[in-house]
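Here's the letter readout for the chains.
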Amino acid sequence: MSPAAAVKRFQSARTAKFQESVIREMTRLAIQNGAVNLAQGFPDFPAPVDIKQAAIDAVNADYNQYPITWGVKPFREAIARKYARTYGMEIDPEREVTVCCGATEGMIASLLAVTDPGDEVVVFEPYYENYHPDALLCGADRKLVTLHAPDWHFDPDELRRAFSSRTKAIIINTPNNPTGKVFTREELTYIASLCQEFDALAITDEIYEHITYDGLEHVPIATLPGMRERTILINSMSKTFSVTGWRVGWVIAPPDITNTVRKVHDFLTVGAATPLQHAGILALGLPDAYFQGLSAEYDGRRKAAIAMLEGAGFRCFVPGGAYYVMTDIRGFGPMSDVEFAKDLVERVGVAGVPGSSFYLNPELGASQIRFCFCKKYETLAAAGERLKKI
């Protein structure tokens with residue numbers, strides 16, 4: 001038997017339908033080619049000093065062993081206090097909070113906890129690339145609903161048609177990656193009405209909650225009438241505190257759902273890093289000014305990135321939140337997004353993400369490239385100089 005045949009024979013059917021992360025692949029290509037990495041969404045500037053010191057102090061205080069599987073109690077209590085302070089949500093840290101290894105694990109643990117093979121999960125497209133393999137690993141069927149550029153709105157009638165008696169959940173990522181869309185209160189109210197009519201869950205990825213622009217408001221759907229008991233809220237320290245490598249996130253859900261999420265989480269990863277959870281206590285307790293200042297901090301980078309990209313000939317879809325810009329590359333000629341991205345990283349020295357990686361049908365993203373701007377101004381300027389080679 002040839003090596004290729006052996007690999008195919010021993011590959012499970014569920015994993016044969018998806019590939020490795022294109023985003024992480026572009027990071028590797030950026031490293032190989034010495035390119036400026038505007039592909040993967042991690043800051044290249046330091047995390048807050050006090051938070052880093054809190055992690056060091058926790059290690060030195062010997063908080064280095066297994067935590068309680070679903071998170072150290074003081075950290076779960078800090079999470080509950082943060083949501084009470086910011087959104088007026090009453091959360092029981094003993095029965096409704098599960099600390100996970102990042103929002104990525106929080107999403108797959110939640111889907112494994114609530115879906116069965118054959119259940120349907122509604123997903124807005126373009127979508128964060130993990131949602132595709134997550135659904136396949138669960139055996140769930142995806143029902144895709146289009147977000148239409150340039151403002152990334154959805155058609156209410158199309159969304160309604162996506163719901164059925166088989167719908168178990170809808171995944172909502174707001175502020176959204178890759179589009180930067182911030183779902184409005186009106187849009188979320190309509191989604192909530194469908195969840196209640198069809199007895200479905202809302203699974204929300206709110207990792208960019210504090211990064212919005214132009215006066216837009218982040219609204220957790222769990223705060224809307226009738227949604228507290230049918231929402232699974234997923235979040236993380238990664239983006240708010242510039243610690244994407246820490247892998248500390250959480251899932252907030254009603255007690256019965258939390259019990260199931262905790263069981264799945266336990267056998268997936270046992271627990272998130274103990275000393276980093278202790279550092280999270282300090283982080284979540286920072287003054288409101290820190291959280292309110294994130295939007296202004298990133299808005300400057302957003303404007304610099306858009307000016308740089310438009311100056312190089314890209315058409316930018318201005319994001320309302322998060323720290324990504326989706327662009328249209330049709331002005332550069334007939335090259336596909338994959339070909340363009342490869343040329344960009346190898347010849348020009350700037351890494352972006354092919355838009356097709358955010359769609360089930362690659363043709364829908366064939367004229368798009370996503371760039372991130374969570375970088376130093378010097379990094380953005382260096383990318384701008386290299387883009388002149390286009």
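Just above sits the structure.
These notes cover the structure that comes with them.

**Some remarks on unusual backbone geometry**
Argument step 1. Note the cis peptide between threonine 174 and proline 175, where omega equals -15°.
Argument step 2. Here proline 175 shows up in the loop between β5 (167–173) and α9 (185–197).
Argument step 3. The phi angle at arginine 247 is positive, at roughly 60°, despite the residue not being glycine.
Argument step 4. For arginine 247, the location among the structural elements is in the loop between β7 (231–236) and β8 (249–252).
Argument step 5. A relative accessible area of 31% means that arginine 247 is categorised as partly exposed.
Argument step 6. We note that alanine 322 has phi near 60°; this positive angle belongs to a residue other than glycine.

**What about the pattern of salt bridges?**
Argument step 1. Tallied over the full model, the rule gives 21 salt bridges.
Argument step 2. The shortest N-O distance in the salt bridge between arginine 301 and glutamate 297 comes to 3.7 Å. Note that arginine 301 and glutamate 297 are positioned in helix α12 (residues 288–311) at a spacing of four residues, about one turn of the helix.
Argument step 3. For arginine 301, a relative accessible area of 10% translates into the label buried.
Argument step 4. Judged by relative accessible area, which is 35%, glutamate 297 ranks as partly exposed.
Argument step 5. Notably, a salt bridge pairs arginine 315 with aspartate 328, separated by 4.0 Å at the nearest N-O pair. Pair noted here: arginine 315 is in strand β9 (residues 315–317) and aspartate 328 is in strand β10 (residues 324–328), with a separation of 13 residues, a long-range link.
Argument step 6. Salt bridges linked by common partners bring Glu120, Asp141, Lys143 and Arg166 together as one network.

**A look at the sheet that holds β10**
Argument step 1. Strand order in the open sheet made by the four strands is β9-β10-β13-β12, with antiparallel pairing throughout. Looking at the sheet topology across the chains shown, the edges are occupied by β9 and β12 (353–354).
Argument step 2. Of the strand pairs in this sheet, β9 and β10 are connected by three bridges, and their pairing is antiparallel. When the bridges of β10 are listed, arginine 315 appears paired with aspartate 328.

**Section: the state of the cysteines**
Argument step 1. Applying the stated criterion across every chain, the model contains zero disulfides.
Argument step 2. With no disulfide of its own, cysteine 138 lies closest to cysteine 100 among cysteine sulfurs, the gap being 14 Å.
Argument step 3. Free cysteine cysteine 316: the closest other cysteine sulfur is in cysteine 372, separated by 13 Å.

**Section: helix α13 (residues 337–348)**
Argument step 1. Among the residues of α13, those classed as buried are Asp337, Phe340, Ala341, Leu344, Val345 and Val348. Along the long axis of α13, the arc covered by the buried residues comes to 125°, so they all point the same way.
Argument step 2. Looking at the packing, one finds that the buried side of α13 touches α3 (22–33), β11 (350–351), β12, β13 (368–372) and α14 (377–387).
Argument step 3. Positive backbone phi, approximately 95°, marks glycine 349, located one or two places after α13.

**Here we look at the packing of helix α6 (residues 102–114) against helix α7 (residues 131–138)**
Argument step 1. Where α6 contacts α7, the axes come no closer than 9 Å and their chain directions differ by 30°. For the element pair α6 / α7, the angle class is roughly parallel. Where α6 crosses over α7, the handedness of that crossing is right-handed. Residue-level inspection shows Met107, Ile108, Leu111 and Leu112 of α6 in contact with α7, the latter providing Tyr131, Asp134, Leu137 and Cys138.
Argument step 2. For the contact of α6 with α7, the residue count by class is seven nonpolar, no polar and one charged.

**Section: the side chain of arginine 370**
Argument step 1. Within the secondary structure, arginine 370 sits in strand β13.
Argument step 2. Buried arginine 370, no salt bridge; nearest opposite-charge side chain is glutamate 129, N-O distance 7.4 Å.
Argument step 3. Among the polar contacts made by the side chain of arginine 370, one reaches the side chain of asparagine 177 at a distance of 2.7 Å.

**Some remarks on the packing of aromatic side chains**
Argument step 1. For the coordinates displayed, the defined rule picks out 21 aromatic pairs.
Argument step 2. With 5.7 Å between their ring centres and 80° between their planes, tyrosine 128 and tyrosine 131 make a pair best called edge-to-face.
Argument step 3. An aromatic cluster is defined as three or more aromatic residues linked by ring pairs; in this entry it consists of Phe45, Tyr208, Tyr298, Tyr323 and Tyr324.
Argument step 4. Over the ring of phenylalanine 45 we find arginine 301; its NZ or CZ atom is 4.5 Å from the centre of that ring.
Argument step 5. Positioned above the aromatic ring of phenylalanine 42, the side-chain terminus of lysine 375 is 3.9 Å from the ring centre.

**Remarks on the packing of α3 against α13**
Argument step 1. For the pair α3 and α13, the least separation of the axes is 9 Å and the interaxial angle reads 30°. The orientation of α3 with respect to α13, classified from their angle, is roughly parallel. Between α3 and α13, the residues in contact are Met26, Leu29, Ala30 and Asn33 and Ala341, Val345 and Glu346, respectively.
Argument step 2. Of the residues in the contact of α3 with α13, the class split is five nonpolar, one polar and one charged.

About the thresholds
- Residues numbered from 1 in each chain as written.
- Predicted model: local features only at pLDDT ≥ 70, side-chain atom pairs only at ≥ 80, totals over all residues.
- Heavy atoms only, no water.
- Helix = DSSP H or I, 4+ residues; strand = E, 2+ residues; numbered from the N terminus.
- Buried < 20%, exposed > 50% of the residue type's maximum accessible area, 1.4 Å probe, protein only.
- Salt bridge = Lys/Arg side-chain N within 4 Å of Asp/Glu carboxyl O.
- Pairing = 2+ DSSP bridges.
- Disulfide = S-S within 2.5 Å.
- Arc of directions from axis to C-beta.
- Contact = heavy atoms within 4.5 Å.
- Axes fitted to C-alpha atoms, helices over the stretch in contact; angles between N-to-C directions.
- Parallel < 35°, antiparallel > 145°, perpendicular 65-115°, else oblique.
- Left-handed = near helix turned anticlockwise from the far one by under 90°.
- Nonpolar A, V, L, I, M, F, W, Y, C, P; charged D, E, K, R; others polar.
- Lys, Arg positive; Asp, Glu negative; His and termini not counted.
- Polar contact = N/O pair within 3.5 Å; in protein donor to acceptor, adjacent residues only side chain to side chain.
- Phe/Tyr/Trp six-rings, centres within 6.5 Å; stacked < 30°, edge-to-face > 60°.
- Lys NZ or Arg CZ within 6 Å of the ring centre and 35° of its normal.

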